[in-house]
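Now for the letters of each chain:
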Amino acid sequence: MKLYYDKRIKDPTYYVQQGFRNTNGVATTRNVKKIGKHSELLKITDDPITYCREIVQQMNEDYESGKASVQITVDFNEKVSDSDAECSRSNQLNVGYFYLQSIYQKLELKQFFADLAKKRKVSFDCNDINRFLTYARILDPRSKYGTFDHLDTYFEKPSFDYQHILRFMDILEENQTAYLRWLYQKSSNVIPRDSSVIYYDCTNYYFESERPDDDVVDEVTGEILSFGLRNHGISKEHRTSPIVEMGLFMDQRGIPISMCIHPGNTSEQVTAIPLENEILGMLDKSELIYCADAGLGSYNIRKFNSMGGRSFIVTQSVKKLSDVMKQAVFNDYDYRLLSNDLPCSIEAMKSFDRFDSENRALYNDRVYKVIPADKAVDLGLYDYVPLKNGRQVKRKAKGMIPQNIIITFSRKMMEYQRAVRQRQIERAKKLAKMTDPEEVKKGPNDIHRFLKRTAKTNDGKDVNVTYELDLDKIRKEEKYDGYYAIATNLKEDKVKDILDVMHKRYQIEDCFRIMKTNFEARPVFHSKEERIKAHFMICYTALLVYRLLECKLDDNGTHITTDNLINTLKNMSIVDDGMFYLAGYTDSKTLKALTALQDLTLDRKRHKPADMRKQIKNLLR
């Protein structure tokens, strides 16, 4: 700030004038305080100019400390800036992505894309496109064109063409393996990665397409070389639309490790081993624990990990156990409480009074039993076995997978499952009164399983079809209520520790929920296979950045829910007031936690343009 007055006037008026660059970066000045006329100041001082300069000096010192008090004249008749645009746009600029940038910066993706640009002629900044596609997926999920159309809502107002986004997506897909490997390695700059346990699961994304993609077929032999990416497959929502399958590995903290995309008709069991082979090179370690649900815990996967010197913990269906194993499960012997290892029977767990306050701890407890269940598997090799007559016979070599089946029983889970079944039985009773219950859609866990169809003839002519509850089926299902089983080759570890590892598997479902609900990973507005894969890679990058930020907050002693964190970052917009930026958001516990994590001074009500430009410049280094 400086002193300003018109030297041509005999009795000038003294002002404090501030020079600044406005929010558009243009240098300008503004009178921020009126000190008074020369004649009036002579009444209080013999040297008005020196007096005014001392005031200016004091204001400069206050301004540097952020405590300056200025006077601004407001003209309520002033109109908004003139524009020829067809539609008015908001002048709010999001700055919440600064916190995402603080994470993204440590992934060093600028260097990754710079190395790619050296190998090919690229006229656009791949890193800028990747940055804002990632931020938009978290804060404002839209189609790629919708994101391009709203780039001016971010503080930096990036400038690249829509065609550059599409070309970038092609480049990203071409370098998928290197990109995912780079993300994992550099993410340790943000959070130390612990990959001693890796969790795997798959999910599907459906497309609003009338027909699946064409398969690639050999013109000579007619053999299918590869399936179309968008293809028909098993959908949990029972949709008939083409789907794409995503596989995801994550660590114990719910931070993703790697991903893969497969055609919708691919069995999820064949996706685990190829992707695990890839990440074994990334992790640079051979000892780890593979953890998955029953659908991704086949004997081939168990054999792959066991023979490779790795461990596995997978869910095991009690219903699919052999008859001998089922007898061991339902034999009420050798069960122990999980909390203290004291003997306890299943009958005792089922019969105690749950409403007695003394039994509250028992109601929340579980009992367990460990059953040895080593499995002989085909190694894909052959041995020559000598016979008594001197001849040798070629036979398949068998290997043994060492494993235990851990059975647990929970009274609380038993009551929950029976309450759910009772509601289904009530619905089945109503369905039995219908004229033709067969018209209702069926499923493996549908209420139809409780109905028994009976057909009787009258005098050998008419057939009378009736439906009634299948009580035998209901009793058979009730037998398994409360039981849960896992298979593992960790024979020396404590059961409680193994169950605790398995319990964290819920986080991978949470990852899928975030991508589908918060990031709106679908609908996907692409039809080319390369760009569909690139789209999910961007969603994966957004998930990684978000999870790293979430873990940083947890390490700082503050847990923030997904909705609160994303909504806070989304609502953190500043308004251009010409001379400064005014915060268009309120304070919150989430903002306090973000500020404690990294003080970007975004908890202030007003922001100097120069300070904001300096902030983002530091974050882009």
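Nothing here was measured: the structure is a model prediction, and the numbers come from that model.

1. Describing the overall build of the protein
Part 1 of the reasoning: When helices and strands are counted, the protein shows 21 helices and 22 strands.
Part 2 of the reasoning: Compactness check: the protein gives a C-alpha radius of gyration of 34 Å against a globular reference of 25 Å for 621 residues, more than 25% above the reference.
Part 3 of the reasoning: In terms of its C-alpha atoms, the protein occupies a principal-axis envelope of roughly 125 × 70 × 65 Å.
Part 4 of the reasoning: Counting all 621 residues of the protein, 45% fall into the buried class.
Part 5 of the reasoning: Contacts in the protein between residues far apart in sequence, at least 24 positions, make up 66% of those at least 6 positions apart.
Part 6 of the reasoning: With the model as given, the accessible surface of the protein reaches about 34,600 Å², and the carbon-plus-sulfur share is 47%.
Part 7 of the reasoning: Of the charged side chains in the protein, 98 are positive and 90 negative, and the gap between their average positions amounts to 1 Å.

2. A look at the pairing of strand 10 (residues 289–292)
Part 1 of the reasoning: Of the two faces of strand 10, the one holding Ile 289 and Cys 291 and the one holding Tyr 290 and Ala 292 are both buried throughout.
Part 2 of the reasoning: Sheet topology places strand 5 (residues 197–206) next to strand 10; three bridges connect them, and they run parallel. Among the inter-strand pairings, Ile 198 is bridged to a residue of strand 10, identified as Tyr 290.
Part 3 of the reasoning: After leaving strand 10, the chain enters helix 10 (residues 299–307) and then returns to the sheet as strand 11 (residues 311–316), a path that is right-handed.

3. Section: the side chain of Thr 595
Part 1 of the reasoning: Structurally, Thr 595 can be placed in helix 20 (residues 589–597).
Part 2 of the reasoning: Owing to a relative accessible area of 14%, Thr 595 belongs among the buried residues under this scheme.
Part 3 of the reasoning: Discounting residues that sit within four places of it in the chain, Thr 595 has contacts with Tyr 99 and Asp 603.

4. Observations regarding the packing of aromatic side chains
Two numbers describe a pair of aromatic rings. These are the distance of the centres and the angle of the planes.
Part 1 of the reasoning: Tallied over the full model, the rule gives 24 aromatic pairs.
Part 2 of the reasoning: Arranged with centres 5.9 Å apart and planes meeting at 50 degrees, the rings of Tyr 145 and Phe 148 form a pair that is tilted. Within this pair, Tyr 145 and its partner Phe 148 are both found in helix 6 (residues 144–149), separated by three residues, close to a single helical turn.
Part 3 of the reasoning: What makes Tyr 145 partly exposed here is its relative accessible area of 47%.
Part 4 of the reasoning: What makes Phe 148 partly exposed here is its relative accessible area of 24%.
Part 5 of the reasoning: Ring centres of Tyr 145 and Tyr 162 lie 5.2 Å apart, and the angle between their planes is 80 degrees; on these two criteria the pair is classed as edge-to-face. Taken together, the residues Tyr 145 in helix 6 and Tyr 162 in helix 7 (residues 162–174) connect sequence positions 17 residues apart.

5. Considerations on the nonpolar core
Part 1 of the reasoning: Grouped together as the largest cluster of nonpolar side chains are 103 residues, with contacts concentrated most on Tyr 97, Phe 98, Phe 113, Phe 155 and Phe 536.
Part 2 of the reasoning: For this core, the element with the most residues is helix 18 (residues 529–555), which contributes 16 residues.
Part 3 of the reasoning: If we skip the residues at most four places from it in the chain, Phe 98 touches Phe 155, Leu 600, Leu 602, Met 612, Gln 615, Ile 616 and Leu 619.
Part 4 of the reasoning: Among the nonpolar cores identified, the runner-up in size contains 45 residues, and Tyr 184, Leu 296, Phe 304 and Met 349 belong to it.

6. So, the sheet that holds strand 9 (residues 256–263)
Part 1 of the reasoning: The strand order 9-8-5-10-11-19-16-13-12 describes an open sheet built from nine strands, whose pairing is mixed. Pairing within the sheet leaves two strands with one partner each, and these edge strands are strand 9 and strand 12 (336–337).
Part 2 of the reasoning: Along the sheet, helix 17 (residues 506–518) contacts strand 5 and strand 8 (243–250); its crossing angle with strand 5, the most-contacted strand, is approximately 35 degrees.
Part 3 of the reasoning: Across the sheet, helix 18 touches strand 5, strand 8 and strand 9, and the angle it forms with strand 9 is around 160 degrees.

7. As for the sheet that holds strand 22 (residues 606–607)
Part 1 of the reasoning: Strand order in the open sheet formed by four strands is 4-20-21-22, with antiparallel pairing between adjacent strands. Taken across any chain shown, the strands that pair with only one partner, and hence form the sheet edges, are strand 4 (92–94) and strand 22.

8. Side note on the pattern of salt bridges
Part 1 of the reasoning: On inspection of all chains with the given rule, the structure shows 28 salt bridges.
Part 2 of the reasoning: Across the pair Glu 174 and Arg 120 runs a salt bridge whose closest N-O atoms are separated by 2.9 Å. Within this pair, whereas Glu 174 is found in helix 7, its partner Arg 120 is found in the loop between helix 4 (109–119) and helix 5 (126–139), the two being separated by 54 residues in sequence.
Part 3 of the reasoning: Of the residues examined, Arg 120 reaches a relative accessible area of 35% and is grouped as partly exposed.

9. What to know about the packing of helix 17 against helix 19 (residues 562–571)
Part 1 of the reasoning: Running from amino to carboxyl end, helix 17 crosses helix 19 at an angle of 40 degrees, the nearest separation of the two axes being 12 Å. Relative to helix 19, the element helix 17 lies oblique. In the crossing of helix 17 with helix 19, the sense of the turn from one axis to the other is right-handed. Taking contact as the criterion, the partners of Arg 513, Ile 514 and Asn 518 in helix 17 are, on helix 19, Thr 562, Asp 563 and Ile 566.
Part 2 of the reasoning: By residue class, the composition of the contact of helix 17 with helix 19 is two nonpolar, two polar and two charged.

10. A closer look at the state of the cysteines
Part 1 of the reasoning: Here the structure, examined in full by the defined rule, presents zero disulfides.
Part 2 of the reasoning: Of all cysteine sulfurs, the one in Cys 202 lies closest to Cys 260, which takes part in no disulfide; the gap is 6.2 Å.
Part 3 of the reasoning: The structure places no disulfide on Cys 539, whose sulfur is separated from the nearest cysteine sulfur, that of Cys 511, by 13 Å.
Part 4 of the reasoning: Looking at Cys 539, the relative accessible area reads 0%, which means it is buried.

11. Quick notes on a nonpolar patch on the surface
Part 1 of the reasoning: A cluster of nonpolar residues, Val 217, Ile 224 and Phe 227, forms a patch on the protein surface that exposes about 250 Å² of accessible area.
Part 2 of the reasoning: What makes Phe 227 partly exposed here is its relative accessible area of 42%.

12. Section: the packing of helix 3 (residues 97–104) against helix 21 (residues 609–619)
Part 1 of the reasoning: Orientation of helix 3 relative to helix 21, taken along the N-to-C sense of each, is 25 degrees, at an axis distance of 9 Å. Taken together, the axes of helix 3 and helix 21 are roughly parallel relative to one another. Contacts from Tyr 97, Phe 98, Gln 101 and Ser 102 of helix 3 reach helix 21 at Met 612, Gln 615, Ile 616 and Leu 619.
Part 2 of the reasoning: Among the residues making up the contact of helix 3 with helix 21, the classes are represented as five nonpolar, three polar and no charged.

13. Quick notes on the environment of Met 282
Part 1 of the reasoning: By the secondary structure assignment, Met 282 is in helix 9 (residues 272–283).
Part 2 of the reasoning: In sequence terms Met 282 and Tyr 184 are 98 residues apart; their C-alpha atoms lie 7.7 Å from each other.
Part 3 of the reasoning: Excluding its chain neighbours within four sequence positions, the residues that come into contact with Met 282 are Leu 180, Arg 181, Tyr 184, Ile 257 and Ser 258.

14. Observations concerning unusual backbone geometry
Part 1 of the reasoning: A cis amide bond, omega 5 degrees, links Arg 522 with the succeeding residue Pro 523.
Part 2 of the reasoning: Not every positive phi belongs to a glycine, and Asp 334 is a case in point at roughly 70 degrees.
Part 3 of the reasoning: What makes Asp 334 partly exposed here is its relative accessible area of 42%.
Part 4 of the reasoning: Of note in this structure, Thr 601 is not a glycine but carries a positive phi near 55 degrees.
Part 5 of the reasoning: For Thr 601, the location among the structural elements is in the loop between helix 20 and strand 22.

15. Quick notes on the side chain of Thr 45
Part 1 of the reasoning: Checked against the element boundaries, Thr 45 lands in the loop between helix 1 (38–41) and helix 2 (48–64).
Part 2 of the reasoning: Thr 45 gets classed as buried once you look at its relative accessible area, which sits at 17%.

Cut-offs and rules
- Residues numbered from 1 in each chain as written.
- Predicted model: local features only at pLDDT ≥ 70, side-chain atom pairs only at ≥ 80, totals over all residues.
- Heavy atoms only, no water.
- Helix = DSSP H or I, 4+ residues; strand = E, 2+ residues; numbered from the N terminus.
- Rg over C-alpha atoms; globule rule 2.2 N^0.38 Å.
- Buried < 20%, exposed > 50% of the residue type's maximum accessible area, 1.4 Å probe, protein only.
- Contact = heavy atoms within 4.5 Å.
- Areas by Shrake-Rupley, 256 points an atom, 1.4 Å probe, with all protein chains shown as cover.
- Lys, Arg positive; Asp, Glu negative; His and termini not counted.
- Charge placed at Lys NZ, Arg CZ, Asp CG, Glu CD.
- Pairing = 2+ DSSP bridges.
- Right-handed = clockwise from strand over helix to strand, strands pointing away.
- Phe/Tyr/Trp six-rings, centres within 6.5 Å; stacked < 30°, edge-to-face > 60°.
- Core = buried A, V, L, I, M, F, W, Y, C linked by side-chain atoms within 4.5 Å.
- Axes fitted to C-alpha atoms, helices over the stretch in contact; angles between N-to-C directions.
- Salt bridge = Lys/Arg side-chain N within 4 Å of Asp/Glu carboxyl O.
- Parallel < 35°, antiparallel > 145°, perpendicular 65-115°, else oblique.
- Left-handed = near helix turned anticlockwise from the far one by under 90°.
- Nonpolar A, V, L, I, M, F, W, Y, C, P; charged D, E, K, R; others polar.
- Disulfide = S-S within 2.5 Å.
- Patch = residues over 30% accessible without salt bridge, like charges linked within 9 Å, V, L, I, M, F, W, Y side chains within 5 Å.

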